[in-house]
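Structure at a glance
Spelled out from the first residue to the last, the chains are:
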Amino acid sequence: MLNINEIRKDFLILNTFVHGKPLVYLDNAATTQKPRSVIEAVQHYYAGENANIHRGIHQLSHAATKKYENVRDKIKNFVHAEKTEEIVFVRGATEAINLVAQTYGRSQVGEGDEILVSHMEHHSNIVPWQMLCEKKGAVLKVIPINDAGEIILEEYEELISPRTKIVSVTHMSNALGTINPIKEIIKTAHDKGVPVLVDGAQAVSHMSVDVQDLDCDFYVFSAHKMFGPTGIGVLYGKKELMEKMPPYQGGGDMILSVTFEKTKYHDLPHKFEAGTPAIASVMGLGAAVDYIHNVGLDNVAKYEEELLHYATEKLLKIPHLRMIGTSQNKAGVLSFVMEGIHPHDVGTILDKEGIAVRAGHHCAQPVMDRFQVPATSRASLALYNTRKEIDLLAQGLLKVLNVFK
Ligand code: PMP
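Please read these numbers as outputs of a predicted model, since none were measured by experiment.

Some thoughts on the site of the ligand
- The immediate surroundings of the ligand are formed by 13 residues, with Thr94, Asp199, Gln202, Ser222 and Lys225 found nearest.
- Within the side chain of Asp199, a nitrogen or oxygen atom sits 2.5 Å from a nitrogen atom of the ligand.
- Taking Lys225, its side chain carries an N or O atom lying 2.7 Å from a nitrogen atom of the ligand.
- A total of 400 Å² of accessible area belongs to the ligand in isolation, and the protein chains cover 84% of it.
- The site holding the ligand turns out to be the largest pocket.
- When the residues that make up the shell around the ligand are grouped by side-chain class, the tally is 2 nonpolar, 9 polar and 2 charged.

A look at the side chain of Thr178
- Within the secondary structure layout, Thr178 lies in the loop between strand S7 (164-170) and helix H7 (182-191).
- You can call Thr178 buried: its relative accessible area is 1%.
- A polar atom in the side chain of Thr178 sits 2.7 Å from the backbone oxygen of Gly149.
- When residues no more than four places from it in sequence are discounted, the contact partners of Thr178 are Met120, Gly149, Glu150, His171, Met172, Ser173, Ser327, Asn329 and Lys330.

Some points on the packing of aromatic side chains
- A full pass over the atoms with the stated rule returns 9 aromatic pairs.
- With centroids separated by 6.2 Å and ring planes inclined at 65 degrees, the aromatic side chains of Tyr104 and Phe218 adopt a geometry described as edge-to-face. Remark: Phe218 occurs in strand S9 (residues 218-222) and Tyr104 occurs in helix H4 (residues 93-108); sequence separation between them is 114 residues.
- Grouped by ring-pair contacts, the aromatic residues Phe11, Phe227, Tyr291 and Tyr384 constitute a single cluster.
- The lysine or arginine in question, Arg370, covers the ring of Phe371, its NZ or CZ lying 5.4 Å from the ring centre.

Description of the environment of Glu85
- Here Glu85 lies in the loop between helix H3 (59-78) and strand S4 (87-90).
- In contact with Glu85, not counting residues within four places along its chain, are Lys239, Met242, Leu268 and Pro269.
- At 3.2 Å, the side chain of Glu85 and the side chain of Lys239 are in polar contact.

Some thoughts on the side chain of Glu114
- Its place among the elements puts Glu114 in strand S5 (residues 114-118).
- When its relative accessible area of 12% is taken as the criterion, Glu114 is described as buried.
- At 2.8 Å, the side chain of Glu114 and the side chain of Ser161 are in polar contact.
- Once you skip the residues sitting within four places of it in the chain, Glu114 turns out to touch Val139, Lys141, Leu159, Ser161, Arg163, Thr164, Lys165 and Ile166.

Overview of the sheet that holds S9
- Ordered in space as S4-S10-S9-S8-S7-S5-S6, the 7 strands form an open sheet in which the pairing is mixed. Edge strands, defined here as strands with exactly one partner in the open sheet, are S4 and strand S6 (139-143). Averaged over all pairs of adjacent strands, the angle between strand axes in this sheet comes to 20 degrees, irrespective of strand direction.
- With 5 bridges joining them, S5 and S6 adopt parallel strand pairing. Bridged to Leu116 within S6 is Lys141.
- Contacting S4, S7, strand S8 (196-199), S9 and strand S10 (233-237), H4 runs over the sheet at an angle of about 150 degrees to S9.

Thresholds applied
Residues numbered from 1 in each chain as written. Predicted model: local features only at pLDDT ≥ 70, side-chain atom pairs only at ≥ 80, totals over all residues. Heavy atoms only, no water. Near = heavy atom within 4 Å. Polar contact = N/O pair within 3.5 Å; in protein donor to acceptor, adjacent residues only side chain to side chain. Areas by Shrake-Rupley, 256 points an atom, 1.4 Å probe, with all protein chains shown as cover. 1 Å grid on protein atoms, 1.4 Å probe; cavity = no way out; pocket = protein on both sides within 12 Å on 5 of 7 lines; lining within 4 Å. Sits in = over half its atoms within 2 Å of the grid points. Nonpolar A, V, L, I, M, F, W, Y, C, P; charged D, E, K, R; others polar. Helix = DSSP H or I, 4+ residues; strand = E, 2+ residues; numbered from the N terminus. Buried < 20%, exposed > 50% of the residue type's maximum accessible area, 1.4 Å probe, protein only. Contact = heavy atoms within 4.5 Å. Phe/Tyr/Trp six-rings, centres within 6.5 Å; stacked < 30°, edge-to-face > 60°. Lys NZ or Arg CZ within 6 Å of the ring centre and 35° of its normal. Pairing = 2+ DSSP bridges. Axes fitted to C-alpha atoms, helices over the stretch in contact; angles between N-to-C directions.

As structure tokens, this is what we get:
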């Protein structure tokens with residue numbers, strides 16, 4: 001059982017006011033708030049431990065390197081990877097997908113080859129592949145979804161051809177909340193010899209992830225959506241695959257030796273970490289993982305499932321509201337439209353009540369097109385949200401209706 005009152009005390013921002021009203025933060029799919037321990041870890045690093053890593057011979061540098069590499073170990077355990085070198089620090093999910101598209105993709109994908117993504121992907125799991133396809137003359141194919149916002153598995157299977165070079169799908173949709181049957185999706189691809197990248201940007205703060213059990217080839221996520229800092233994220237990749245991939249960016253730290261004639265690249269994971277990384281953010285990410293570990297993701301999943309159920313029932317009672325994304329298996333996202341009212345107006349009126357929701361296409365325009373809406377309003381939940389906040393959201397939506405009566 002989660003003690004939500006205690007948890008809320010860890011997030012100082014939740015005690016602030018917006019337009020004179022207590023903040024009700026329901027934009028967690030965009031970014032989560034940060035607990036005190038994460039903020040302190042970043043501050044502590046700069047105040048007492050700051051040094052560049054991996055190359056110094058002095059004590060501060062050794063200590064910073066050790067802490068940085070300890071976080072890599074923590075991430076390995078967090079996603080249940082087999083080997084520490086399978087964990088690469090990147091800027092976020094977006095950079096991780098670009099890295100795979102530009103390294104695995106550039107070396108493995110040729111003219112006429114195919115890449116499969118689903119209709120519910122975030123732009124960051126569409127555009128890097130489109131760029132690759134444009135460069136290589138490859139084809140991007142789209143796995144269809146049904147009216148509830150679920151991948152149509154039979155059609156997915158039929159889309160995999162001898163030309164398919166990678167399947168790249170989200171674990172959980174930011175626009176719909178759908179949790180995809182990712183293990184089944186991976187098995188289907190593997191049966192035909194095709195590797196799978198899973199975009200875990202939304203999933204990691206809501207459910208525990210075991211990359212070995214899933215057997216995914218790549219798994220990507222961002223720290224800022226799991227209570228950590230911005231500017232840092234993770235690429236997990238199977239060692240055998242990543243060893244064969246060429247480096248992404250060139251520079252310091254990713255080399256063993258450099259001459260003008262020939263550069264030898266470093267081993268994994270450093271081969272993919274050129275330049276000085278976001279060291280302080282890595283410290284914050286380590287604290288975020290500790291925080292999640294202490295709370296327990298299974299407790300979080302149980303609590304949020306109950307809160308999502310409460311919120312769904314409450315919102316469906318609001319006249320003229322239509323939910324977009326009604327998958328059987330979904331987590332903390334409530335995406336909706338209100339007949340005759342633009343989502344931006346919904347968001348602006350709620351903001352005046354201190355309620356932060358997202359309004360727009362959520363960087364997932366193709367899925368908006370699929371549901372024939374230009375945009376939705378989206379309330380997204382995290383472990384610190386309460387039933388009382390959902391009640392305030394519902395009251396706010398009734399005010400919206402009143403304004404447009
Ligand atoms: N994938 C999904 C499903 C997302 O929700 C997001 C962020 N909204 C991303 C990828 C990209 O994450 P980032 O902007 O942190 O790189």
